[in-house]
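Architecture at a glance
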Amino acid sequence: MALCAVMLQILKSRSGCGAWGRLLQRQSSSGVYSSVHAFDEAEIREKLQAFPGGSIDLFKQDSGIAVLTVNNPSRMNALSGGMMVDLEERVSELENWTDGKGLILCGAAETFCSGSDLNAVRAISNPQDGMKMSMFMQNTLTRLLRLPLISVALVEGRALGGGAELTTACDFRLMASDSVCEDRRGIADFVADIIGDVGLKKTSSHIKRRISIKSSR
Ligand SMILES: CCCC(=O)SCCNC(=O)CCNC(=O)[C@H](O)C(C)(C)COP(=O)(O)OP(=O)(O)OC[C@H]1O[C@@H](n2cnc3c(N)ncnc32)[C@H](O)[C@@H]1OP(=O)(O)O
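Just so it is clear, the structure is predicted and the values come from calculations on it, not from any experiment.

1. Topic: the site of the ligand
- Taken together, 14 residues surround the ligand, and among them R75, S114, S116, L118 and G162 come closest.
- At 2.9 Å from a nitrogen atom of the ligand is found a main-chain nitrogen or oxygen belonging to L118.
- Its free accessible area being 960 Å², the ligand has 51% of it covered by the protein chains.
- Residues that form the shell around the ligand fall into these classes: four nonpolar, six polar and four charged.

2. Considerations on helix 6 (residues 127–146)
- Taking 1.5 Å per residue, 20 residues should reach 28 Å; helix 6 reaches 28 Å between its end C-alpha atoms and fits that length.
- Here helix 6 has its buried residues at D129, M133, M135, F136, M137, N139, T140, L141, T142, R143, L144 and L145.

3. A few points about the pairing of strand 2 (residues 65–71)
- The element strand 2 is largely enclosed, with a buried count of six among its seven residues.
- Here strand 1 (residues 55–60) runs beside strand 2; their pairing, made up of six bridges, is antiparallel. Bridged to S55 within strand 2 is N71.
- Connecting strand 1 to the antiparallel partner strand 2 that follows it, the hairpin turn spans four residues, and G64 within it adopts a positive phi of roughly 95 degrees.
- With six bridges connecting them, strand 2 and strand 3 (residues 102–107) associate as parallel partners. Residue L68 lies in a different strand from strand 3, and its bridge partner there is L105.

4. Some thoughts on unusual backbone geometry
- Despite not being glycine, N77 shows a phi value in the positive range, around 60 degrees.
- Structurally, N77 can be placed in the loop between strand 2 and helix 4 (81–95).
- A positive phi angle, close to 55 degrees, is found at A109, a residue other than glycine.
- Here A109 lies in the loop between strand 3 and helix 5 (118–123).
- With relative accessibility at 58%, the residue A109 sits in the exposed group.

The rules we used
Residues numbered from 1 in each chain as written. Predicted model: local features only at pLDDT ≥ 70, side-chain atom pairs only at ≥ 80, totals over all residues. Heavy atoms only, no water. Near = heavy atom within 4 Å. Polar contact = N/O pair within 3.5 Å; in protein donor to acceptor, adjacent residues only side chain to side chain. Areas by Shrake-Rupley, 256 points an atom, 1.4 Å probe, with all protein chains shown as cover. Nonpolar A, V, L, I, M, F, W, Y, C, P; charged D, E, K, R; others polar. Helix = DSSP H or I, 4+ residues; strand = E, 2+ residues; numbered from the N terminus. Expected span 1.5 Å × (residues − 1). Buried < 20%, exposed > 50% of the residue type's maximum accessible area, 1.4 Å probe, protein only. Pairing = 2+ DSSP bridges.

The following block contains the structure:
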């Protein structure tokens, strides 16, 4: 809650996104993959929906600040297939939110996200479907990153695997001092070495976000 209060103050002090924001908004709804890459979104969406559980909740405030919550506490907020589809739908909603200024991304029950739901990952165990799931998520995270909103991931507890990757789709990561943000796949090396109790680190490019996030005293 304390992290949330700090971010609300920062985001409230910002003005709207203006012409640049509107330009970005028009460009934001395209992902990386399309039918050109033999990507069939409807097909993978149907497969993902076979793995329900949890939700991604969006609360849009009149102030122009939205809170997006990864909500699956009984599995440490692991992302089920249904939640991946939910996330895509919430991103679409944000793309169409003309009054939006800022976005806070957080996890329910004082932890961020333990990555993909391993039950779903096990079930989608052939390389073709695994690739389609990755393409689906990459499209969603790219669109999340491109939203014309100032976005902050509030990390309490653990952000693991796909949960760590989710934080990279935000402009900022605000981390509790005892939080862990880690991806053991070798794609990224997340280190939380925070100034005081909480620290704020801005990374300047998408590439940098995906390779290394490190704050130090
Ligand atoms: C394809 C994209 C790449 C990925 O994201 S792969 C997933 C990467 N993430 C992981 O490997 C994390 C797996 N989980 C863990 O290591 C531990 O559960 C974790 C998060 C450190 C928490 O440890 P503890 O505090 O001891 O809690 P716990 O293990 O008893 O977990 C509580 C309940 O949550 C469940 N859970 C946690 N992470 C999950 C996940 N990713 N998928 C599915 N279920 C998950 C866990 O099985 C347990 O359930 P239950 O109470 O035994 O029914």
